[in-house]
Amino acid sequence: MRRYLVAGNWKMNMGPAAGCQLTAEVQDLLKGRALKGDVLVCPPYLTIPAVSEIAKGEPVLLGAQNCSDQEKGAYTGQVSVDMLKEAGVQYVIIAHSERREYQKETDDQFVAKINRIHQAGLKAIFCFGEVLGERKEGRAEEVVRQQLQGVLPKLEFANAYNTVLAYEPVWAIGTGETATPEQAQEIHAFTRGVVSELMGKEVADFMRILYGGSCKPGNARELIGLPDVDGGLIGGAALKAEDFVGIIDGAESGQN
Ligand code: PEP
């Protein structure tokens, strides 16, 4: 019912030459395969045009890691959604925990960015998730609800197809710690329930909810095979073609 999405977030890694090489390696490993889901790479801004030349949705789609909340003009250092669209971008990651933490981005900025992404006909991947202290205090669901409630009801054009959610427990990102299948399924099912309350059951049934946090070839099948997990947002393991494709293999066999 929901196609999986395996999305690689390269973060501040891979210049144009290395990014093209990695993309070509992934394409090579996937050549001739009819996939059941979607595969996406999200390079740094500077690398996007080079990767765009070779990632033409066959089967690798192109995404960005951020965008401006403004349309255009005097915003030094920012990149607009229209520029990303012109470069071939189809998805934009918003609200990654690193941007929440280091750039102190707010719900209002996430809403403004996602509205611009949707207006341009692109898809948003909205990230959320609790930090370790919040989980230890038993507040994971409360935090997740707060993060979803702060953004989803204010989106003007969101639907099940132009919006992807990514549950990323912050304590599992880049740490080698992974949520157990029970923990992941629990929060994913909870998230789908909140989406149903906020946007309706039909939207909740069709909206993809990815898991992110130390996903690897060895645990991808189990995680992505869970009933409410519809793919993965992958950091470190997306930087090696074999590992990234190993996760895609896991998604292929685990897809429910
Ligand atoms: C991420 O930063 O989105 C992420 C999931 O990273 P990692 O896979 O390295 O934990």
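In case you missed it, the structure is sitting above this.
Parameters and conventions
Residues numbered from 1 in each chain as written. Predicted model: local features only at pLDDT ≥ 70, side-chain atom pairs only at ≥ 80, totals over all residues. Heavy atoms only, no water. Axes fitted to C-alpha atoms, helices over the stretch in contact; angles between N-to-C directions. Helix = DSSP H or I, 4+ residues; strand = E, 2+ residues; numbered from the N terminus. Parallel < 35°, antiparallel > 145°, perpendicular 65-115°, else oblique. Left-handed = near helix turned anticlockwise from the far one by under 90°. Contact = heavy atoms within 4.5 Å. Core = buried A, V, L, I, M, F, W, Y, C linked by side-chain atoms within 4.5 Å. Buried < 20%, exposed > 50% of the residue type's maximum accessible area, 1.4 Å probe, protein only. Polar contact = N/O pair within 3.5 Å; in protein donor to acceptor, adjacent residues only side chain to side chain. Near = heavy atom within 4 Å. Areas by Shrake-Rupley, 256 points an atom, 1.4 Å probe, with all protein chains shown as cover. Nonpolar A, V, L, I, M, F, W, Y, C, P; charged D, E, K, R; others polar. Pairing = 2+ DSSP bridges.

So what exactly am I meant to see when it comes to the packing of helix α10 (residues 217–224) against helix α11 (residues 241–254) here?
In a packed pair of helices, the relevant descriptors are the angle between the two axes and the axis-to-axis distance. At a minimum axis distance of 7 Å, the contact between α10 and α11 shows a crossing angle of 25°. One way to sum up the angle between α10 and α11 is to call them roughly parallel. For the element pair α10 and α11, the recorded crossing hand is right-handed. Residues Pro217, Ala220, Arg221 and Ile224 of α10 lie in contact with α11, whose contacting residues are Asp243, Gly246, Ile247, Gly250, Ala251, Ser253 and Gly254.

Please clarify how the nonpolar core should be interpreted in this entry.
Nonpolar side chains in soluble globular proteins generally cluster together in the buried interior. Residues Val6, Val92, Phe126, Leu165, Phe244 and Ile248 are the most contacted members of the largest nonpolar core, which totals 69 residues. If sequence neighbours within four positions are ignored, Val6 has contacts with Asp38, Val39, Leu40, Ile224, Gly232, Ile234, Phe244, Ile247, Ile248 and Ala251. Counting 13 residues, the second-largest nonpolar core is a separate cluster that includes Ala7, Cys42, Leu61 and Ala166.

It is not clear to me how the side chain of Asn9 should be interpreted in this structure. Could you clarify?
Inspection of the secondary structure assignment puts Asn9 in strand β1 (residues 5–9). Note on Asn9: relative accessible area 4%, which makes it buried. A polar contact of 3.0 Å, which involves the side chain of Asn9, links it to the backbone nitrogen of Lys11. Discounting residues that sit within four places of it in the chain, Asn9 has contacts with Cys42, Gln65, Ile93, His96, Leu233, Ile234, Gly235 and Ala238.

Would you explain the site of the ligand in this entry?
Taken together, 13 residues surround the ligand, and among them Lys11, His96, Glu168, Gly174 and Ser214 come closest. The contact in question runs from an oxygen atom of the ligand to an N or O atom on the side chain of Glu168, over 2.6 Å. Gly174 is positioned with one of its backbone polar atoms (N or O) 2.6 Å from an oxygen atom of the ligand. Surface burial for the ligand is 96%, taken as the share of its 290 Å² of free accessible area covered by protein chains. Among the residues forming the shell around the ligand, the class breakdown is 4 nonpolar, 7 polar and 2 charged.

Is there a simple way to explain the sheet that holds strand β5 (residues 123–128) in this structure?
Hydrogen bonding along the main chain pairs the strands of a sheet, whether they run parallel or antiparallel. Taken in spatial order, the 8 strands line up as β1-β2-β3-β4-β5-β6-β7-β8 and close into a barrel, and their pairing is parallel. This sheet shows a mean twist of 25° between the axes of neighbouring strands, independent of strand direction. Helix α7 (residues 140–149) contacts β5 and β6 (163–167) of the sheet and is inclined by roughly 150° relative to β5. Helix α8 (residues 181–199) rests against β5, β6 and β7 (208–212) of the sheet, and its axis sits at about 145° to β7.

Even after reading the chapter, I still don't get the packing of α7 against α8, so can you show me in this structure?
Taken N-terminus to C-terminus, the directions of α7 and α8 make an angle of 35°; their axes are 10 Å apart at the nearest point. At the point where α7 passes α8, the crossing takes the right-handed sense. Facing α7, whose interface residues are Ala140, Glu141, Val144, Arg145, Leu148 and Gln149, α8 presents Glu186, Ile187, Phe190, Thr191, Val194, Glu197 and Leu198.

I'm lost on the pairing of β5 in this one. Help?
For a regular strand, side-chain orientation follows a simple rule: the groups alternate between the two sheet faces. With respect to burial, β5 is a largely interior element, 5 of its 6 residues being buried. In the sheet, strand β4 (residues 91–94) pairs with β5 via 4 bridges, with the strands oriented parallel. By the bridge assignment for β5, Ile93 is matched with Ile125. Sheet topology note: the β5/β6 ladder contains 5 bridges and is parallel. Looking at β6, one finds that Ala124 is bridged to Thr163.

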